[in-house]
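Listed here are the chains, written in short residue letters.
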Amino acid sequence: MSMNQVALAYLVASVFFILSLKGLSSPVSARRGNLFGILGMTIAVLTTLSLTRNWMLIVLGIAAGGSIGAVVARRIEMTSMPELVAAMHSLVGLAAVLIAISAVHNPVAYGIAAADGTLHGGSRVELFIGTFVGAITFSGSVVAFGKLSGRIGAAPLVFRGQHGVNLILALAMLGFGVAFFVTQDWTPFLVMAGMALLLGVLIIVPIGGADMPVVVSMLNSYSGWAAAGIGFSLNNAMLIIAGSLVGSSGAILSYVMCKAMNRSIINVLLGGFGGDSAAAGGAAGAQRNVKSGSPEDAAFLMGNAESVVIVPGYGLAVARAQHALKEMADLLHEKGVKVRYAIHPVAGRMPGHMNVLLAEAEVPYDQVFEMEEINNEFSSTDVVLVIGANDVVNPAAKVPGSPIYGMPILEVQKARTVIVVKRSMAAGYAGLDNELFYMGKTMMVFGDAKKVVEGLVKAL
């Protein structure tokens, strides 16, 4: 292909990527958005293959990686989707680092060498940025994977002077980057990369499990910027555009997540946000009396209601109860009950986790509402069924001085009756007791979410 044809093909692929993001902004058009993304990536890959002589080696790599990805995708449980996303982000960061090392080793092969065979000054800056962002993305994503999968404790790991250490490490990393720019020597480059790997770990370890949705979106943004940085180094417009789309959309999503959790975007970028809150939250309060009931009691209340709002949480994903929940909702519809689902932006372990879960059970899109759309409806709702959620419905967010004060919540406490399905009275990820559980209008139904919902279906 001529360079003009390559530029045109990359432009077409970029348009498909933009249409993909547009489609993914709504559940109704998400399937079409995925199709556009697949078409764009196919065009980009085929165009890139036309530029290389080693296409057979690349095809073998794609076949191997694609086979592994297909097997993992088919076997992965919905509850493990967040850690899978974190693992994918780590691979993007690692790819950026490895490409940068290869380019520094042989700049002539990448077309970024000056007449004397050394790296162009601009290329050194681009490789430096791509390397440290990629290294931070890789090591940070590995830690996030460990926390989400349970291989590393979800509790924040903090120590005295943590932010100071991070700042010193970041400044030293920049210093070695400048040294690499001046000398083009391997030593400062490798030291800089090593410091970036350590910084990625130190940024993520202080973050608790409750804040993981923000971490996932933040690492998504980092992986995009790493790809864009390497795109500049390789003079590849496709990488620059695709990386910028991922980076900017991930940054916007991180901001939305932070707003939904009353977090500062600056604290997210610096690392360690949420640590103070988690520490301040402490353990759950002393044992108090609650009103509990059976699935039959809950079914009676919902079956005789005019409107029911269901609030799903991570416990629903753990129990894989979404299909039984859909069956229960269908039975309520047959009885003339108006059923809707209320989704908090950070419910679950990653952005959109509950939306994906409900889509898997083929819940109609017009029954699913975001927090801003449905919060005003709770005061006129007969019954709210909270299943597997905790912090996102905790009224403590309205109490000044609370560790989660100011965090927007689903205001289910305004409904006439609240039914909460939980295994036990254990606190959520924020480590706070939930006053909702002790209200006179609240009935607790203890047990595995799937078994409880199946009991509701049987009773209905």
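Conventions adopted
Residue numbers run consecutively from 1 along every chain, following the written order of its sequence. Confidence filtering applies because this is a predicted model: local features only for residues at pLDDT of at least 70, side-chain atom pairs given and counted only at 80 or more, and all residues used for totals across whole chains, interfaces and linings. Processing note: side-chain calculations cover all non-hydrogen atoms of the structure and skip hydrogens and water entirely. Secondary structure is summarised from DSSP: a helix means a run of H or I of at least four residues, a strand means a run of E of at least two, and numbering begins at the N terminus for each. A radius of gyration in this sense is built from C-alpha atoms; the matching globule rule multiplies 2.2 Å by the number of residues raised to 0.38. The rule is simple: take the accessible area with a 1.4 Å probe, protein chains only, and divide by the maximum for that residue type; under 20% is buried, over 50% is exposed, in between is partly exposed. Per-residue and other accessible areas follow the Shrake-Rupley method at a 1.4 Å probe size, with only the shown protein chains counted as cover for residues. Working convention for charge: Lys and Arg count positive, Asp and Glu count negative, and His plus the chain ends are omitted. Charged groups are reduced to one reference atom each: NZ for lysine, CZ for arginine, CG for aspartic acid, CD for glutamic acid. At least two bridges found by DSSP between two strands are what make those strands a pair. Under this scheme, a helix contributes an axis fitted over its contacting stretch, all axes are lines through C-alpha atoms, and angles between N-to-C directions fall in the 0 to 180 degree range. Here a residue-residue contact requires only that any non-hydrogen atoms of the pair lie within 4.5 Å. Should an angle fall under 35 degrees it is called roughly parallel, over 145 degrees roughly antiparallel, and 65 to 115 degrees roughly perpendicular, with every other angle called oblique. Should the near helix be turned anticlockwise from the far one by less than a right angle, the crossing is left-handed, and should it be turned clockwise, the crossing is right-handed. Asp, Glu, Lys and Arg are counted as charged, while Ala, Val, Leu, Ile, Met, Phe, Trp, Tyr, Cys and Pro are counted as nonpolar; the rest, among them Gly, fall into the polar class. Helix span, expected: 1.5 Å multiplied by one less than the number of residues in the helix. Identification of polar contacts relies on pairs of N or O atoms within 3.5 Å, with a donor-acceptor requirement for protein atoms, meaning one able to donate a hydrogen and the other able to accept it, and with residues adjacent in sequence counted only if both atoms are side-chain atoms. Here is the rule: rings of Phe, Tyr and Trp (six-membered ring for Trp) pair when centre to centre is within 6.5 Å. Planes less than 30 degrees apart are stacked, more than 60 are edge-to-face, and the remainder are tilted. Whether a charge sits over a ring depends on NZ of Lys or CZ of Arg being within 6 Å of the ring centre and within 35 degrees of the ring normal. Just to be clear on terms, a salt bridge is a Lys or Arg side-chain nitrogen sitting within 4 Å of an Asp or Glu carboxyl oxygen. Per-residue confidence from the predictor is reported as pLDDT, a score between 0 and 100.

## So, the overall build of the chain
Then, in step 1: For the chain, the helix and strand inventory stands at 17 helices and six strands.
Then, in step 2: Radius of gyration (C-alpha) of the chain: 25 Å, near the 23 Å computed for a compact globule of 460 residues.
Then, in step 3: With respect to the three principal axes, the spread of C-alpha positions in the chain is 80 × 50 × 35 Å.
Then, in step 4: The 460 residues of the chain split such that 46% are buried.
Then, in step 5: For the chain, the computed accessible surface area is about 21400 Å², with 64% contributed by carbon and sulfur atoms.
Then, in step 6: When the 29 basic and 27 acidic side-chain charges of the chain are each reduced to a single mean position, those positions are 2 Å apart.

## A look at the sheet that holds strand E5 (residues 417-422)
Then, in step 1: Taken together, the six strands give an open sheet; going across it, the order is E3-E2-E1-E4-E5-E6, and neighbouring strands pair in parallel fashion. Where the open sheet ends on each side, the last strands, each with one partner, are strand E3 (368-370) and strand E6 (442-446). Direction aside, neighbouring strands of the sheet carry axes that sit 25° apart on average.
Then, in step 2: Alignment of strand E1 (residues 307-312) against strand E2 (residues 338-343), held across four bridges, turns out to be parallel.

## What to know about the environment of Glu 327
Then, in step 1: Counting through the fold element by element, Glu 327 comes out in helix H14 (residues 322-334).
Then, in step 2: Judged by its relative accessible area of 44%, Glu 327 is partly exposed.
Then, in step 3: In this structure, the C-alpha to C-alpha distance between Glu 327 and Met 257, residues 70 residues apart in sequence, is 31 Å.

## As for the environment of Ile 409
Then, in step 1: Relative to the helices and strands, Ile 409 resides in the loop between strand E4 (383-387) and E5.
Then, in step 2: In this structure Ile 409 comes out as buried when scored by relative accessible area, which is 2%.
Then, in step 3: Taking the C-alpha atoms as reference points, Ile 409 and Asn 390, separated by 19 residues in sequence, lie 10 Å from one another.
Then, in step 4: Leaving out residues up to four positions away in the same chain, Ile 409 has contacts with His 344, Met 371, Asn 375, Asp 391, Val 392, Val 393, Asn 394, Pro 395, Ala 397 and Lys 398.

## Examining the packing of helix H6 (residues 162-183) against helix H7 (residues 186-204)
Angle between the axes and distance between the axes are the two parameters that describe a pair of packed helices.
Then, in step 1: Relative to each other, H6 and H7 sit at 155°, their axes nearing to 8 Å. Regarding the angle of H6 to H7, the classification is roughly antiparallel. Considering how the two elements wind past one another, H6 and H7 form a crossing that is left-handed. Taking contact as the criterion, the partners of Gln 162, Val 165, Asn 166, Leu 169, Ala 170, Ala 172, Met 173, Phe 176, Gly 177, Ala 179, Phe 180 and Thr 183 in H6 are, on H7, Pro 188, Phe 189, Val 191, Met 192, Met 195, Ala 196, Leu 198, Leu 199 and Leu 202.
Then, in step 2: Here the residues of the contact of H6 with H7 sort into 17 nonpolar, four polar and no charged.

## Some remarks on H14
Then, in step 1: With 13 residues, H14 extends 19 Å from end C-alpha to end C-alpha; this agrees with the ideal 18 Å at 1.5 Å per step.
Then, in step 2: When we look at burial in H14, the residues that qualify are Gln 322, Ala 324, Leu 325, Lys 326, Met 328, Ala 329 and Leu 332.
Then, in step 3: Looking one or two residues past H14, Gly 336 carries a phi angle of roughly 90°, positive in sign.

## Digging into H7
The periodicity of an α-helix, 3.6 residues per turn, causes residues three or four places apart in sequence to face the same way.
Then, in step 1: With 19 residues, H7 should reach 27 Å at 1.5 Å per residue; the first-to-last C-alpha distance of 28 Å fits that figure.
Then, in step 2: Among the residues of H7, those classed as buried are Pro 188, Phe 189, Met 192, Ala 193, Met 195, Ala 196, Leu 199, Gly 200, Leu 202, Ile 203 and Ile 204.
Then, in step 3: Two to three positions downstream of the cap, the backbone nitrogen of Thr 187 sits 3.1 Å from a side-chain oxygen, assigning the N-cap of H7 to Asp 185.

## Topic: the packing of aromatic side chains
Then, in step 1: Counting across every chain of the model gives four aromatic pairs.
Then, in step 2: Taking NZ or CZ as reference, Arg 124 lies 5.9 Å from the ring centre of Phe 181, over its face.

## Some details on the side chain of Arg 124
Then, in step 1: Tracing the chain through its elements places Arg 124 in helix H5 (residues 121-149).
Then, in step 2: Note on Arg 124: relative accessible area 15%, which makes it buried.
Then, in step 3: In this structure the side chain of Arg 124 is engaged in a polar contact, spanning 2.6 Å, whose partner is the backbone oxygen of Phe 181.
Then, in step 4: At 3.2 Å, the side chain of Arg 124 and the side chain of Gln 184 are in polar contact.
Then, in step 5: Excluding its chain neighbours within four sequence positions, the residues that come into contact with Arg 124 are Thr 118, Leu 119, Phe 180, Phe 181, Val 182 and Gln 184.

## A closer look at the pattern of salt bridges
Pairing of side chains with opposite charge becomes possible as their charged atoms draw close.
Then, in step 1: Taken as a whole and assessed by the stated rule, the structure comprises seven salt bridges.
Then, in step 2: Put simply, Arg 320 and Glu 360 hold a salt bridge, and the shortest N to O gap is 3.6 Å. Separated by 40 residues along the polypeptide, Arg 320 in the loop between helix H13 (314-319) and H14 and Glu 360 in helix H15 (residues 353-360) bring together distant segments of the chain.
Then, in step 3: Classification of Arg 320 as partly exposed rests on a relative accessible area of 29%.
Then, in step 4: Linking Asp 448 and Arg 423 is a salt bridge whose minimum nitrogen-to-oxygen distance equals 2.8 Å. With Asp 448 in the loop between E6 and helix H17 (449-459) and Arg 423 in the loop between E5 and E6, the pair connects residues that are 25 residues apart, well separated along the chain.
Then, in step 5: Of the residues examined, Asp 448 reaches a relative accessible area of 18% and is grouped as buried.

## Brief notes about the confidence of the model for the chain
Then, in step 1: Chain-level statistics for the chain give a pLDDT mean of 87 and a share of 93% at 70 or above.
Then, in step 2: Here residues 273-285 is modelled with pLDDT under 50, and outside its nearest four sequence neighbours on either side it reaches 28 contacts, counting other chains as well.

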